[in-house]
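Now for the letters of each chain:
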Amino acid sequence: MKFHDLSIQEMRQKLLAGELTSIELTQQCLQRIKATDSQLNAFITVCEEEALAAAAVADQQLATGSAPLLTGIPIAVKDIFNTLDVRTTCGSKILDNYISPYDATAVAKLREQGAVIVGKLNMDEFAMGSSSENSAAGVVHNPWDLERVPGGSSGGSAAAVASGQVVATLGTDTGGSVRQPASHCGVVGLKPTYGRVSRYGVIAYASSLDQVGPVAGNVADCALMLGVVAGYDPADSTSVDCPVPDYLENLNAGVAGKKIGLPKEYFIDGLDPDIKKAVDAAIETYQQLGAEVVSVTLPHTDYSVACYYLIAMAEASSNLARYDGVRFGLRQDSGDGLIGMYQQTRSAGFGDEVKRRIMLGTYALSSGYYEAYYLKAQKVRTLIRQDFHDVFSQVDFLLTPVAPTPAFKIGEKVNDPLQMYLSDIFTIPTNLAGTCAMSLPCGFSKNELPIGLQLIGKPFAEAEILQAAYAFEQATDWNKRVPEL
Amino acid sequence: MNSRYEVVIGLEVHVQLTTRTKIFCGCSTEFGQGVNSQTCPVCLGLPGALPVLNRQVVEDAIKAGLATNCQITPRSIFARKNYFYPDLPKGYQISQFELPICEHGWLDIETEELGGKRLGITRIHMEEDAGKLLHNSDNSSSVDLNRACTPLLEVVSEPDMRSSEEAIAYLKQLHQIVVYLGICDGNLDEGSFRCDANVSIRPWGQKELGTRSELKNLNSFRYIKQAIEYEVERQIDVIDAGEKVVQETRLFDPDAGVSRSMRGKEEAHDYRYFPDPDLLPVDVSADWIEQVRKSLPELSTAKLQRYQGEIGLPAYDAGVISSDRPLAEYFEAVVKHYNNPKICSNWVMGEVLGALKDKKLEISACPVTPELLAGVLIRIDDKTISGKIAKTVFEKIWQTGNTADQIIEEKGLKQVTDTGAIEAIVDEVIAANPDQVAEYRGGKEKLMGFFVGQVMKASKGKANPGMANQLLKKKL
Amino acid sequence: MKINQQDVEHVARLARLSLSPEDLKIMTGQMDAVLGYVDKLNELDTDGIEPMAHAVPMTNAFREDEITEPIGVERTLQNAPQQADNYFKVPKIIE
């Protein structure tokens, strides 16, 4: 079975009706992973034993009728989430042998709802990348074209859903790491408002930007997953104590009368013509559905990549100082003292992109440069947030492309980090502003690569963009197309 | 005092707080537990763990700020201080940098040499402690992270001290304050109150400061004094030899009485402070400050003044009793039950402290509660017992925990005030000592003491000495 | 040039990374390109603009001073590269 065939809610109905057991479902899931992952490399770790044990428990729960929302449904999470007693590598050699002693809050919430965690998904090392090529576990391949990248950093999370390995996954999004791979793989991915989902137990890349986000095959499953993981967590000081709505409740509210903003800075000359065509068609669809479309401006968009990388790299340089070979993870020591051990461990354990960002971040915080780089970037961040604040007084949400091009070829941008960074131009600003955004399929390029549409909502207006996405999904059939594997 | 150079000292004191749990996680701060047993993902710096601030630490910091005349910063910020060391799990210490919680305070000290002086406090900030590092003989070090993430206040003084005496006076007063506030156990041996000293010298009259060295590892008042004095001499020698003092960190070795340079560790220190994105700003409202202010105990300096002024204790008594909060509270509780402060202080400083010292007990463990002690004093006052019998009663209370009245009753220690009974004893004494009676009547009035003593002896101490005196005078 | 090889070497020391001479050269070039690019922020006048440290403007997230269970010595040490007598062991600190 491929998991495109059923949605989470359909699986739940079958499980509750006794037409399917969780053990069967989990076994099929594991089989599909076995059959396809040699091509995709979406998984770093498959937890077969643990998953089957959890499925057995789920079947008991289903039998007794006390079965919460995700009981018995196989789910996978990006390898950035700590999972109790399971290897958690974050795509890095430095954590190759790391067995976590605790669950991330988001993982604990999945378990509370009865989910069967089948494995840990491949990713760019420490979530640093836009292509899932920077992983110690090897490159992830796009299920639509195995020679292309699935996007990143949550490339495994998107590829696994797109290829029908699992029905839904969790990723993380610091500068587009859920939305861009969702777009490249033709699935639905959502980056919630900063503070909506707990970051506790999510290995930090850039703390002020990181946010957990669900990836699923359709909007309703994405909404359901968000509802499970969202909410205040006293273990995360930056999580926000505001009620979580039922995201499924008014999903079919439609967009009639809604005002959609098209930020002119996102519709630039360099935009791939296939993408432009698909997004223009989406705009038309929304107009047909009764929404009003207006042009708006986010004047500081052009500064967001520079602003983002300075902040993210500075925070990363500090967040990654704990990988020092003392308490866990890799240690390399040729016997020339502590500093030698530190340098050997970190040089051997981190990949090139991670080293590059640690170096740039360290430089941006160092004495004499802090104000010119880090502080300057924080001030520009204020301007970027203000742009969004201003625009949201005029419109309900924004509509933009997710990425300037469809998925590129593996290896195409590896040697030009700056070009790679620039490909995140449309997703980065929302992380800086802290607001919510999602990616959903809106078409295909001439060479059959999926194209994503981005909806950007007001802070904590996830329900609103999910409704808009659902309306579009109902009016089109882009999400019905699946890659052949 | 050196004739050629002025000494300039600034102090950085790390005050370990007595909160139950660590500053950013719920692990216990209890001292002396099994190695690496008080740890969790947060204080181990495991991937993905996040800090959450202990509210009590903020309260304690506000208390310390108010007690040292600081301004409380309306919005303070936690920052990361980045450096690698095996006792620092995250590779950064969470501290405060640009906006500490308290600023611009001062303490008044008294030294014999100079009298009163006001010393500035630059700032007080909250931070986490590091773990403990042991250096082994086999070319390795061992790390215990129980102490990692324990809450500290760092109190930074202005470079206002001009001698080791002033430095010690400042430290003793700061120590007394934090212990009085109940925010620190003050235990120097266990590292609950640690001091680094910045020491420099300059020719008298020179405005700019000389190059300073930072002395570390000073964990007793005596060592601090020694270390500062050693450093001053060392710097004078360096300058006299025509060389320059180098800015450096020096580690004091109390056994050798010398300090050694730690220059190797200085290599490219660049802490790259930046606001910690995992923690939110701390806003302290005026209401919160007021609430904390109301909860502050009366501090030793205020008690000292009150004891000397309002309740009229001699300076010495006031000084001894106010120096220790539990002792002062004991004393005040005695006074509450028996309102004669001078007699109370005599007893507290005499019998109580004496007995505690004998038994090596703290005042908090004194078996004679303030109420029990007051019971004794009341019975002296109403002449039920004499001062001498009272001491016996006190001992019995110490042993049994019974009240003075129970013991007086049980042992029949009630003073005899029945004129007839005392008269009978007086007659006996006069009859038994004819020679002394003759001498007394011959003008040797000093012998009255002898007769009173005889009466007391015959009554086993129970006769009222005043009445005995009167009756003797009449009969003789 | 925004940054030279010496600067890069200094930064590598701060970050406890060691780079081979060849890596150093590549790193210098790549860092220089990125630093050149981010210079564009200086086109913006940010005088009087508050720096933004958090995405959501909140303050005062506290926990109460209540003890929670530690994870225990075994879990504490389960990933330790080297340990003895319940301590993490590290190479000697050469001053």
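Preceding block: the structure.
Brief notes about the overall build of chain C
Right, on to step 1. Secondary structure summary: chain C contains three helices and three strands in total.
Right, on to step 2. Its C-alpha atoms give chain C a radius of gyration of 22 Å, clearly above 12 Å, the size a compact globule of 95 residues would have.
Right, on to step 3. Over its C-alpha atoms, taken along the principal directions, chain C stretches across nearly 55 × 45 × 25 Å.
Right, on to step 4. A total of 95 residues make up chain C; the buried ones form 43% of that total.
Right, on to step 5. Partitioning the contacts of chain C with sequence separation of at least 6, the portion at a separation of at least 24 is 34%.
Right, on to step 6. With the model as given, the accessible surface of chain C reaches about 5,200 Å², and the carbon-plus-sulfur share is 45%.

Quick look at the sheet that holds strand E9 (residues 132-135) of chain B
Right, on to step 1. Taken together, four strands build an open sheet; the order of strands is E9(B)-E10(B)-E3(C)-E2(C) and the sheet is antiparallel. The sheet terminates laterally at E9 of chain B together with strand E2 (83-84) of chain C, the two strands that pair on one side only.
Right, on to step 2. By the bridge criterion, four bridges tie strand E10 (residues 140-144) of chain B to strand E3 (residues 87-91) of chain C in an arrangement that is antiparallel. Its bridge partner being in E3(C), B:Val143 is matched across the sheet by C:Phe88.

Quick word on the packing of aromatic side chains
Right, on to step 1. Counted by the stated rule, this structure contains 32 aromatic pairs over all chains.
Right, on to step 2. Their ring planes at 70° and their centres at 5.9 Å tell us that A:Phe126 and A:Phe350 sit as a pair that is edge-to-face. Of the two residues, A:Phe126 is situated in the loop between strand E3 (116-121) and helix H5 (155-162) and A:Phe350 in the loop between helix H10 (337-349) and helix H11 (352-365); the sequence distance between them amounts to 224 residues.
Right, on to step 3. Among the residues examined, A:Phe126 registers a relative accessible area of 1% and is labelled buried.
Right, on to step 4. Judged by relative accessible area, which is 3%, A:Phe350 ranks as buried.
Right, on to step 5. Taking 5.6 Å as the distance between ring centres and 20° as the angle between the ring planes, the aromatic pair formed by A:Tyr286 and A:Phe472 counts as stacked. Residue A:Tyr286 is found in helix H8 (residues 273-288), and its partner A:Phe472 is found in helix H15 (residues 462-475); the two are separated by 186 residues along the sequence. Both residues of the pair, A:Tyr286 and A:Phe472, count as buried.
Right, on to step 6. Each member of the aromatic cluster is reached from another via a ring pair, and the members are A:Tyr98, A:Phe126, A:Tyr323, A:Phe328 and A:Phe350.
Right, on to step 7. Residue placement shows A:Arg481 over the ring face of A:Phe444; its charged tip is 3.9 Å from the ring centre.
Right, on to step 8. Above the plane of the ring of A:Tyr303 lies C:Lys40, whose end atom (NZ or CZ) is 5.6 Å from the centre.

Topic: the state of the cysteines
All names here are of chain B.
Right, on to step 1. Taken as a whole, this structure holds zero disulfides over all chains when the rule is applied.
Right, on to step 2. Sulfur of Cys 40: no disulfide; nearest cysteine sulfur belongs to Cys 27 and is 3.7 Å away.
Right, on to step 3. A residue is classified by how much of its surface remains accessible, and Cys 40, at 8% relative accessible area, is buried.

Some remarks on the interface of chain C and chain A
Right, on to step 1. Chain C puts 51 residues into the contact, and the matching count from chain A is 64 residues.
Right, on to step 2. Summing both partners gives a buried area of about 5,200 Å² for chain C against chain A, and 69% of it is carried by carbon and sulfur.
Right, on to step 3. Per-residue buried area on chain C facing chain A is highest for C:Arg16, C:Leu41 and C:Met52; these three make up 14% of the total on that side.
Right, on to step 4. Seen at the junction of chain C and chain A, the total is two salt bridges.
Right, on to step 5. Here C:Lys40 and A:Asp302 are joined by a salt bridge, their closest N and O atoms 2.9 Å apart.
Right, on to step 6. In this structure, the connection of chain C to chain A is made through 19 residue pairs in polar contact (both at pLDDT 80 or more).
Right, on to step 7. At the level of secondary structure, the elements contributing two or more residues to the side of chain C that touches chain A comprise helix H1 (5-14), helix H2 (21-38) and E3 of chain C.
Right, on to step 8. The element that contributes the greatest number of residues to the side of chain C that touches chain A is H2(C), accounting for eight residues.
Right, on to step 9. When the residues that make up the side of chain C that touches chain A are grouped by side-chain class, the tally is 34 nonpolar, eight polar and nine charged.

Things to note about the pairing of strand E14 (residues 248-253) of chain B
Residues and elements named next belong to chain B.
Right, on to step 1. Along E14, five of the six residues are buried, which leaves the element largely enclosed by surrounding structure.
Right, on to step 2. As judged from the four bridges shared by strand E13 (residues 213-218) and E14, these two strands associate in the parallel manner. For Glu 214, the partnering residue across the bridge sits in E14 and is Thr 249.
Right, on to step 3. Following the chain from E13 across helix H3 (residues 221-240) to the adjacent parallel E14, one finds a crossover that is left-handed.
Right, on to step 4. The pairing of E14 with strand E15 (residues 258-261) spans four bridges and is antiparallel. From the neighbouring strand, Asp 253 faces E15, where its bridge partner is Val 258.

Thoughts on the interface of chain A and chain B
Right, on to step 1. Facing the 39 residues of chain A at the interface are 31 residues of chain B.
Right, on to step 2. Regarding the contact of chain A and chain B, the summed buried area is about 2,700 Å², with carbon and sulfur atoms giving 59% of it.
Right, on to step 3. Contact with chain B buries area across many residues of chain A, yet A:Ser237, A:Arg322 and A:Arg327 alone supply 22% of it, more than any other trio.
Right, on to step 4. Linking chain A with chain B are one salt bridge, by the criterion used here.
Right, on to step 5. We note a salt bridge from B:Asp278 to A:Arg199, for which the minimum N-O separation is 3.1 Å.
Right, on to step 6. Our enumeration of links across chain A and chain B arrives at 19 residue pairs in polar contact (both at pLDDT 80 or more).
Right, on to step 7. For the side of chain A that touches chain B, the secondary-structure elements that each account for two or more residues are helix H9 (304-319), H10 and H11 of chain A.

Points about the environment of C:Lys40
Right, on to step 1. With respect to the helices and strands, C:Lys40 occurs in the loop between H2 and strand E1 (62-63).
Right, on to step 2. Other than its neighbours up to four places away in sequence, C:Lys40 contacts A:Asp302, A:Tyr303 and A:Ala306.

What counts and what doesn't
- Residues numbered from 1 in each chain as written.
- Chains lettered and ligands numbered in written order.
- Predicted model: local features only at pLDDT ≥ 70, side-chain atom pairs only at ≥ 80, totals over all residues.
- Heavy atoms only, no water.
- Helix = DSSP H or I, 4+ residues; strand = E, 2+ residues; numbered from the N terminus.
- Rg over C-alpha atoms; globule rule 2.2 N^0.38 Å.
- Buried < 20%, exposed > 50% of the residue type's maximum accessible area, 1.4 Å probe, protein only.
- Contact = heavy atoms within 4.5 Å.
- Areas by Shrake-Rupley, 256 points an atom, 1.4 Å probe, with all protein chains shown as cover.
- Pairing = 2+ DSSP bridges.
- Phe/Tyr/Trp six-rings, centres within 6.5 Å; stacked < 30°, edge-to-face > 60°.
- Lys NZ or Arg CZ within 6 Å of the ring centre and 35° of its normal.
- Disulfide = S-S within 2.5 Å.
- Buried area = accessible area lost by both parts, 1.4 Å probe.
- Salt bridge = Lys/Arg side-chain N within 4 Å of Asp/Glu carboxyl O.
- Polar contact = N/O pair within 3.5 Å; in protein donor to acceptor, adjacent residues only side chain to side chain.
- Nonpolar A, V, L, I, M, F, W, Y, C, P; charged D, E, K, R; others polar.
- Right-handed = clockwise from strand over helix to strand, strands pointing away.

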